Amino acid sequence: MQKKTIRKNFPVTGMGCAACAARVEKTLQNQPGVVSAAVNYASATASVEYLSDQCSPEALKKAVNDAGYDLCTESEEEAEDEAEKERYDKYKSLKRRTIWAAILSVPLVVIGLFFPDVPSAPWIMWALSTPVVFWLGRGFYTGAWKQLKHRTANMDTLVASSTGIAYLFSAFNTVFPEFWLSRGIVPHVYFEASAVIIAFILLGRLLEERAKGRTSESVRKLVGLQPKTVTVVIPGEKPVYRDVPVSAVRKGDVVAVRPGERVAVDGIVIEGSSFVDESMLSGEPVPVLKQASARVYAGTMNGKGSFTFRAESVGKDTVLAKIIAMVQDAQGSKAPVQKLVDKVAAVFVPVIMGISLLSFVLWVILDPQNGLTHGLLAMVTVLVIACPCALGLATPTAIMVGIGRGAEQGILIKDAESLEIARKTDTVVLDKTGTLTEGRPQVARLVFPKNERSSRPSRAEKPEDILYSLERRSEHPLAEAVVKYLEGCREVPVAGFESITGEGVRGEYAGETYYAGSRKLMERYGIAVGEELSREAGKLEKSAHTVIWFADSTEALCIAAVADRIKESSAMAVETLQKMGIDVWMLTGDNEHTAAAVAAQAGISHFRSGMLPQDKAAFVKSLQDEGHMVAMAGDGINDSAALAQADLSIAMGNGSDIAIDVARMTVISSDLCKIPQALDLSARTVRTIRQNLFWAFIYNIIGVPVAAGVLYPVAGFLLNPMIAGAAMAFSSVSVVANSLRLRKSK
């Protein structure tokens, strides 16, 4: 029996930096039954996939608690509410502590700069710095102690070590100045450094928390689209309207929607009509008319009309819920480059502590006169300036903002890896029907030979009746168009019905076999095609009509001219892709004349016609063999083989049947212009990730040696610990701010 795996997202509390995220992730991965675990420091969430018979949320919570953190394992809504409350409380506390730290630090800096020689200055500075270090900065010390108990280290360890050493050294010099004076050394105090470092780091974390909150704004917007209550109609002689929580709605309930209300769940309209704004799903600003039998979706906004609908999908099954889940999963996913960052973050703090200790020892050895003072300053500055937070935030913040921005525009991106693939795409392959065209084929007319209609069908039935009966049994979109056109015809009993993949259908009636499908089907069974029908078919195909042939076992009886209009956005989308340097191909099962006509209308110069599903997949593979990175856009069903073969699969939807589980990207609307937008957004997001990583790495690569004092022998420059604290604080903020620029991308 196959073991059941469960994937859940849990809010994580107590993390202070990227090293904490690495520690929590490693803890989760080491638990029995856990298949995979990924912790996102930016969103403070853990995405865990585990075997339900070997692991449980309670066991995961205990493991994380033992590691010094906490995992919220309540019901999803409760966990999110509790995590949100904790984030808000943390932000308020940070704000309060930052303000007080700044108020106490200002006089410390003034005294340190302008009145250092006043006899009572060290004592006043000691009094002012003590509450900053041990009251306002106590979180760093308690965090460091927790890590020490678990034999690990994080950002709190660096801050607590640096400020603690500076404070204790200054306290010793204040109480026992004679110890240094007797040795010919003037004692210095660094109370202002320890206090200002804490003030700057608190300010940095405050700004970081505020900015991190904005990175997940898109998901909060989506969650906020679903109303809390809904009006359910209880049928009867006199219907009763009752307001109930949305969680109480069940499939089959009748729901009333008043003017200006949001739709609460997915369903089908049964009475009334109105224009509904579906821009939250599709990104399209034009309201859509909803009448009886039309589908409506949770989160969409009703206009001035009112209607009732039958609930079809509720709770986690609504399109909105699936989108929110997908966006959250995608935002929590890791880009390939994140593996390197995680390895660095895991060893970052111990390495920095080693460098700080080494710099102190080298100063003492190489500078006997001032080595102790300079070495202490260098050690503190190295501990302060090093910043694993910037590294930890570089990738996840950009991913969260980029994927969230895509969701707002109706583009669902499955994971971070898809962004990298999309950026490298150089060839886009488009299906014709439903992708380039509207996907609503309509029969323009039936064409019979001008001479007498064939008398082969039973005189009791018209050819239209047999064609209607045959196509009713087919599931092909073109067959649906024929059935709709021939509504009103009489259905006759068809025996031995068979669907011939990519070519058409056949069946028997009154002892005769009939065929409906492509010209290839006629040729396959040796059916004679009259010159008149053949000539007419050629004209129709050149004018972008698809031709369906209807024949008995010996000759073609008539043809149906089917037109599927090209979308208004198709030509613009193709032109945009070509301007981006991307080759565009069109694949279709239609004949060459029809394919050429549609390709010309769309501005596509490369196309293949007469393609069966397996041919499309083989063609995509041939492009890959030539070294191309291929994106395939289709409906996710007929083109499933080609979509699976492509490097980047893009499912085109209209909100009703989104191939969320199949494609790496899903365009919710049918607007083809979303494809170049998606590729451009991916390129921008990956570029932002690389910018963030560059600045995070370069900051540490340059900052740590300068803090250690490498410039002192050359330029006599030794970095002030207070400036180091400010630089460290703002390095994280700058990375998040750079990611937030993606929110304004057009």
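The structure displayed is predicted, hence computed values, not measured ones.

Now for the nonpolar core. Among the nonpolar cores identified, the biggest contains 151 residues, and Met15, Leu28, Leu430 and Ile675 are the most heavily contacted of them. By residue number, the principal contributor to this core is helix 25 (residues 674-708), which donates 13 residues. Grouped together as the second largest cluster of nonpolar side chains are 25 residues, Tyr468, Leu486, Val505 and Val562 included.

Moving on to the confidence of the model for the chain. When pLDDT is averaged across the chain, the result is 84; 93% of the residues are at 70 or more. Overall, residues 454-460 carries pLDDT values under 50, and its contacts beyond four positions in sequence, including any with other chains, amount to 12 contacts. In this model residues 655-659 is a low-confidence stretch, pLDDT under 50, and it forms 11 contacts with partners more than four residues away in sequence or in other chains.

A word on empty space enclosed by the protein. For the structure on display, the rule yields 4 cavities of 30 Å³ or more. Looking at the largest cavity, its volume works out to about 140 Å³. Lining the largest cavity are 16 residues; nearest its centre among them are Val39, Tyr41, Lys334, Gln338 and Pro396. Of all the secondary structure elements, the ones that give two or more residues to the lining of the largest cavity are helix 1 (18-29), strand 2 (34-40), helix 12 (338-366) and helix 14 (388-408).

What follows covers the sheet that holds strand 22 (residues 606-608). Judged by pairing direction, the sheet is mixed, and its 7 strands sit side by side in the order 13-25-24-23-14-21-22 without closing on themselves. Bordering the open sheet on either side are strand 13 (411-413) and strand 22, each of which pairs with just one other strand. The average undirected angle you get between the axes of adjacent strands in this sheet is 20°. Summarising the sheet, strand 14 (residues 427-431) and strand 23 (residues 630-634) pair through 4 bridges and their orientation is parallel. Bridge pairing links leucine 430 to alanine 633 in strand 23.

Let us now look at the environment of isoleucine 466. Structurally, the position occupied by isoleucine 466 is in helix 17 (residues 463-471). A sequence separation of 458 residues divides isoleucine 466 from lysine 8, and the C-alpha atoms of the two residues are 53 Å apart.

With that out of the way, let us pick up the packing of aromatic side chains. Under the criterion given, the structure shown has 14 aromatic pairs. Note on phenylalanine 307 and phenylalanine 309: the rings are 6.3 Å apart at their centroids and 45° apart in plane angle, and the pair reads as tilted. According to the relative accessible area criterion, phenylalanine 307 is buried, its value standing at 3%. Among the residues examined, phenylalanine 309 registers a relative accessible area of 0% and is labelled buried.

This part covers the pattern of salt bridges. Here the structure, examined in full by the defined rule, presents 20 salt bridges. Here glutamate 278 ties to lysine 290 by a salt bridge, and the two come within 2.8 Å at their closest N and O atoms. With a gap of 12 residues between them, glutamate 278 in the loop between strand 8 (266-277) and helix 10 (279-282) and lysine 290 in strand 9 (residues 288-290) connect regions that are remote in the sequence. Judged by its relative accessible area of 10%, glutamate 278 is buried. Between aspartate 680 and arginine 684 there is a salt bridge; the shortest N-O distance is 2.8 Å.

On to the packing of helix 14 against helix 27 (residues 721-740). Running from amino to carboxyl end, helix 14 crosses helix 27 at an angle of 15°, the nearest separation of the two axes being 8 Å. Classified by the angle their axes make, helix 14 and helix 27 are roughly parallel. Where helix 14 crosses over helix 27, the handedness of that crossing is right-handed. Where helix 14 approaches helix 27, its residues Cys389, Ala390, Leu393, Ala394, Thr397, Ala398 and Val401 are matched on the opposing element by Ser731, Ser732, Val735, Val736, Ser739 and Leu740. For the contact of helix 14 with helix 27, the class distribution of residues is 9 nonpolar, 4 polar and no charged.

Here strand 5 (residues 229-234) runs beside strand 6 (residues 240-245); their pairing, made up of 6 bridges, is antiparallel. Note that in strand 6 the partner of valine 233 across the bridge is tyrosine 241. With antiparallel pairing between neighbouring strands as the criterion, strand 5 and strand 6 make up a hairpin whose turn holds 5 residues.

Contact pair helix 6 (residues 155-175) / helix 12: the axes reach a minimum separation of 9 Å and the direction vectors enclose 20°. As far as their axial angle goes, helix 12 and helix 6 are roughly parallel. In this structure, helix 6 contributes Met155, Thr157, Leu158 and Ser161 to the contact, and helix 12 contributes Val349, Ile352 and Met353. Considered class by class, the residues forming the contact of helix 6 with helix 12 number 5 nonpolar, 2 polar and no charged.

A word on the sheet that holds strand 15 (residues 442-447). Taken in spatial order, the 6 strands of this open sheet run 15-20-19-18-17-16, and their pairing is antiparallel. Unpaired on one side and paired on the other, strand 15 and strand 16 (495-500) mark the two borders of the sheet. Each strand axis lies, on average, 15° off the axis of its neighbour in the sheet, ignoring direction. Alignment of strand 18 (residues 512-517) against strand 19 (residues 545-551), held across 3 bridges, turns out to be antiparallel. Counterpart to tyrosine 515 in the pairing with strand 19 is alanine 551.

We now examine helix 1. Between its first and last C-alpha, helix 1 extends 16 Å over 12 residues, near the 16 Å set by a 1.5 Å rise per residue. With 9 of its 12 residues buried, helix 1 lies for the most part within the structure. Restricting attention to buried positions, one finds in helix 1 the residues Ala18, Ala19, Cys20, Ala21, Ala22, Val24, Glu25, Thr27 and Leu28.

Turning to helix 22 (residues 592-602), its buried residues number three or more, namely Thr594, Ala595, Ala597, Val598, Ala599 and Ala602. The inward-facing, buried residues of helix 22 abut helix 16 (432-436), helix 20 (531-542), strand 19, helix 21 (570-579), strand 21 (583-587) and strand 22. Glycine 603, located one to two residues past helix 22, shows a positive phi value of around 80°.

Note that glutamate 471 resides in helix 17. The charged side chain of glutamate 471 is buried without a salt bridge, its nearest counter-charge being arginine 473 at 9.7 Å. The residues contacting glutamate 471, other than those within four sequence positions of it, are Ala479, Val482, Val483, Val505, Ala516 and Ile548.

Definitions and limits used
Residues numbered from 1 in each chain as written. Predicted model: local features only at pLDDT ≥ 70, side-chain atom pairs only at ≥ 80, totals over all residues. Heavy atoms only, no water. Core = buried A, V, L, I, M, F, W, Y, C linked by side-chain atoms within 4.5 Å. Buried < 20%, exposed > 50% of the residue type's maximum accessible area, 1.4 Å probe, protein only. Helix = DSSP H or I, 4+ residues; strand = E, 2+ residues; numbered from the N terminus. pLDDT = per-residue confidence, 0-100. Contact = heavy atoms within 4.5 Å. 1 Å grid on protein atoms, 1.4 Å probe; cavity = no way out; pocket = protein on both sides within 12 Å on 5 of 7 lines; lining within 4 Å. Points joined across faces, edges and corners; volume = space filled by probe spheres on them. Pairing = 2+ DSSP bridges. Axes fitted to C-alpha atoms, helices over the stretch in contact; angles between N-to-C directions. Phe/Tyr/Trp six-rings, centres within 6.5 Å; stacked < 30°, edge-to-face > 60°. Salt bridge = Lys/Arg side-chain N within 4 Å of Asp/Glu carboxyl O. Parallel < 35°, antiparallel > 145°, perpendicular 65-115°, else oblique. Left-handed = near helix turned anticlockwise from the far one by under 90°. Nonpolar A, V, L, I, M, F, W, Y, C, P; charged D, E, K, R; others polar. Expected span 1.5 Å × (residues − 1). Lys, Arg positive; Asp, Glu negative; His and termini not counted.

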